[in-house]
Amino acid sequence: MRRKCTEKLINWKKSPDRKPLVLQGGRQAGKTWLLRDFGSRQYEDTIYINLETDKPVADFLQNPREPDETLLFLESYANKPLRQGSTLLILDNLQAVPQAAKLLPGIGMEFPNYHIAAIERGCFLSHDTNEVELIQLYPLDFEEFLWANMEYALAKEIREHFLQMKPMKKVLHEKAMSQFRLYLAIGGMPAAILEYRKEKKLLLVPDIQEKILQLYLADITAEAPEGTARHARNCFLSVPAQLCKENSKFQYRQIVKGGTAKIYQAPLKWLTETGMVYQSLRKTGTGNEETSAFRLYLPDTGLSACRMGIPSYMLLLGENNRSMRGLVETFLAQCFTQNRYKLSYWESGNQAELPFLLEKDGEVTAVDFRLDAGEKARNLSRYREFCQGEKMYLISVENFRSREMYDIVPVYAGFCI
């Protein structure tokens, strides 16, 4: 599958100031496949070591080592020569041996011509970006999903019409909407997409998604801070349903009866810090951020749909209901997170609400969405009364169109923002 991350990897390889690379990402996002494929295409040879299964290496790296000693051992263990510039060394599951992460900067400084890449599940370890190159890999976004299904021309049309803000042909718009609803059901996990691609069928996709959910829960059990695993699992499982409530703010008492911040605040903080859920804090009419009010999103629409038990045919119908709104909001949160925005949402008492305020490089973009073309777009107008000069979008099932205050963008083009 073609991934946008590949271009970043190529730039890393070509960089004269190259540092050791750490590729981070959630379970089953395709990290190992991506780096091994990159190695096979861009290097004469690849040395692959898994720190979870290659126990001799894990044991060796548990203790502080000199860079030359480390490389000598790895080369001997792999029984392959580690050549400068022509061999890619991959250390998978870096989180299994945290001490190994501390060795990378030293190797990079002493041996800058060696190409070393590590894979870390989630964001469990802290890294100094002055010493390593950090790249984040997410599930496939909708554009990558189109590429995976050989819809390159459609993806290009969406990009071009977003830049021009001119409507696509009706047949293309309807095709894009159909592909978008398919994406809601399958999501961006490579294994789920591959299962669909086998015979263009959805029947076994939920089985794949359920297995991935169980892997996430197993990771939480194994990695969560001591005494918090059960609460962290309950938080994680509660996220999709809470987003589909009338009041989509995440509430501790909705996790289990009697749930409180005292019980769930620490597990939830860990889930957000490790990237297992995305968090969006509330901003008031005055622009103040409230850490006590927030929304949460799982990192994949397919996993959310599976967790809620929504049949694929209901998503393909595209009906406007709370479950669909929750999944569309999850889809948009994924798009904006992958495009490196900081998420928040805005409320002004009971008068108006915007699901997304997107912050990046000191600029703010306001985004509302509707699943019925007949819905009024008063929230953007109310927000304009508080904030002038910010870019504004209305995400809709409609085609591209410019209005005086905002641009109307089809929901499938969320990845363009």
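All values reported here derive from a predicted model rather than from experimental measurement.

Chemist: Pulling in residues and values, what's your account of the environment of leucine 172?
Modeler: Mapped onto the elements, leucine 172 comes out in helix α8 (residues 170–186). The class for leucine 172 is partly exposed, based on a relative accessible area of 22%. C-alpha of leucine 172 to C-alpha of serine 40: the two residues are 132 residues apart in sequence and 36 Å apart in space. If near-sequence neighbours (up to four positions away) are discounted, leucine 172 is found in contact with Leu154 and Glu157.

Chemist: Tell me about the side chain of aspartate 300, residues and numbers included.
Modeler: With respect to the element layout, aspartate 300 can be found in the loop between β7 (289–297) and α13 (301–308). It turns out aspartate 300 is buried and unbridged, and the closest side chain with the opposite charge, arginine 3, is 9.4 Å from it. Within polar-contact distance, the side chain of aspartate 300 engages the backbone nitrogen of glycine 188 at 2.6 Å. Dropping the residues within four chain positions of it, aspartate 300 is found in contact with Pro139, Ile186, Gly187, Gly188, Met189 and Gln334.

Chemist: Explain the packing of α13 against helix α15 (residues 322–338) to me, using residue names and the numbers behind them.
Modeler: At their nearest, the axes of α13 and α15 sit 9 Å apart, and the two run at 155° to each other. Classed by the angle they form, the pair α13 and α15 counts as roughly antiparallel. In this structure, α13 crosses over α15, and the sense of that crossing is right-handed. Listed contacts from α15 to Thr301, Ser304, Ala305 and Met308 of α13 are Leu327, Thr330, Phe331 and Gln334. In terms of residue class, the contact of α13 with α15 is built from four nonpolar, four polar and no charged.

Chemist: Describe in detail the pattern of salt bridges, supporting the description with residues and values.
Modeler: By the definition in use, this model includes 25 salt bridges. Here glutamate 289 and lysine 342 are joined by a salt bridge, their closest N and O atoms 3.5 Å apart. Of this pair, glutamate 289 sits in strand β7 while lysine 342 is found in strand β8 (residues 342–348), placing the two residues 53 residues apart along the sequence. You can call lysine 342 partly exposed: its relative accessible area is 43%. Residues participating in the shared-partner salt-bridge network are Arg27, Glu52, Arg121, Asp219 and Glu223.

Chemist: Let's hear about the sheet that holds strand β3 (residues 87–92): which residues, and what values?
Modeler: On the basis of which strands lie adjacent, the open sheet formed by five strands has the order β2-β3-β4-β1-β5 and parallel pairing. Each edge of the open sheet is held by one strand with a lone partner, namely β2 (45–50) and β5 (133–137). Taking each pair of neighbouring strands and ignoring which way they run, the sheet shows an average axis angle of 20°. By the bridge criterion, four bridges tie strand β1 (residues 21–25) to β5 in an arrangement that is parallel.

Chemist: Go over the nonpolar core, please, and point to the residues and values.
Modeler: Counting 85 residues, the largest nonpolar core has Phe142, Ile158, Phe336 and Tyr412 as its most contacted members. In contact with isoleucine 158, not counting residues within four places along its chain, are Phe142, Leu146, Met168, Ala176, Phe400, Tyr412, Ala413, Phe415 and Cys416. Membership of the second largest hydrophobic core comes to 25 residues, among which are Leu82, Leu94, Leu103 and Val132.

Chemist: Give a description of the sheet that holds β8 that names residues and reports values.
Modeler: An order of β7-β6-β8-β9-β10-β11-β13-β12 is seen for the eight strands of this open sheet, with the pairing classed as mixed. At either margin of the open sheet sits one strand with a lone partner, and together these are β7 and β12 (401–402). Of the pairings in the sheet, the one linking β12 to strand β13 (residues 407–410) comprises two bridges and is antiparallel in character. Note on β13: the bridge partner recorded for serine 402 is aspartate 407. Against the sheet, α15 makes contact with β6 (278–283), β7, β8, β9 (352–360), β10 (363–369) and β11 (391–396), and its axis sits at roughly 20° relative to β9, the strand it touches most.

Parameters and conventions
Residues numbered from 1 in each chain as written. Predicted model: local features only at pLDDT ≥ 70, side-chain atom pairs only at ≥ 80, totals over all residues. Heavy atoms only, no water. Helix = DSSP H or I, 4+ residues; strand = E, 2+ residues; numbered from the N terminus. Buried < 20%, exposed > 50% of the residue type's maximum accessible area, 1.4 Å probe, protein only. Contact = heavy atoms within 4.5 Å. Lys, Arg positive; Asp, Glu negative; His and termini not counted. Salt bridge = Lys/Arg side-chain N within 4 Å of Asp/Glu carboxyl O. Polar contact = N/O pair within 3.5 Å; in protein donor to acceptor, adjacent residues only side chain to side chain. Axes fitted to C-alpha atoms, helices over the stretch in contact; angles between N-to-C directions. Parallel < 35°, antiparallel > 145°, perpendicular 65-115°, else oblique. Left-handed = near helix turned anticlockwise from the far one by under 90°. Nonpolar A, V, L, I, M, F, W, Y, C, P; charged D, E, K, R; others polar. Pairing = 2+ DSSP bridges. Core = buried A, V, L, I, M, F, W, Y, C linked by side-chain atoms within 4.5 Å.

In short, the description is geometric, and any link to function would need to be established separately.
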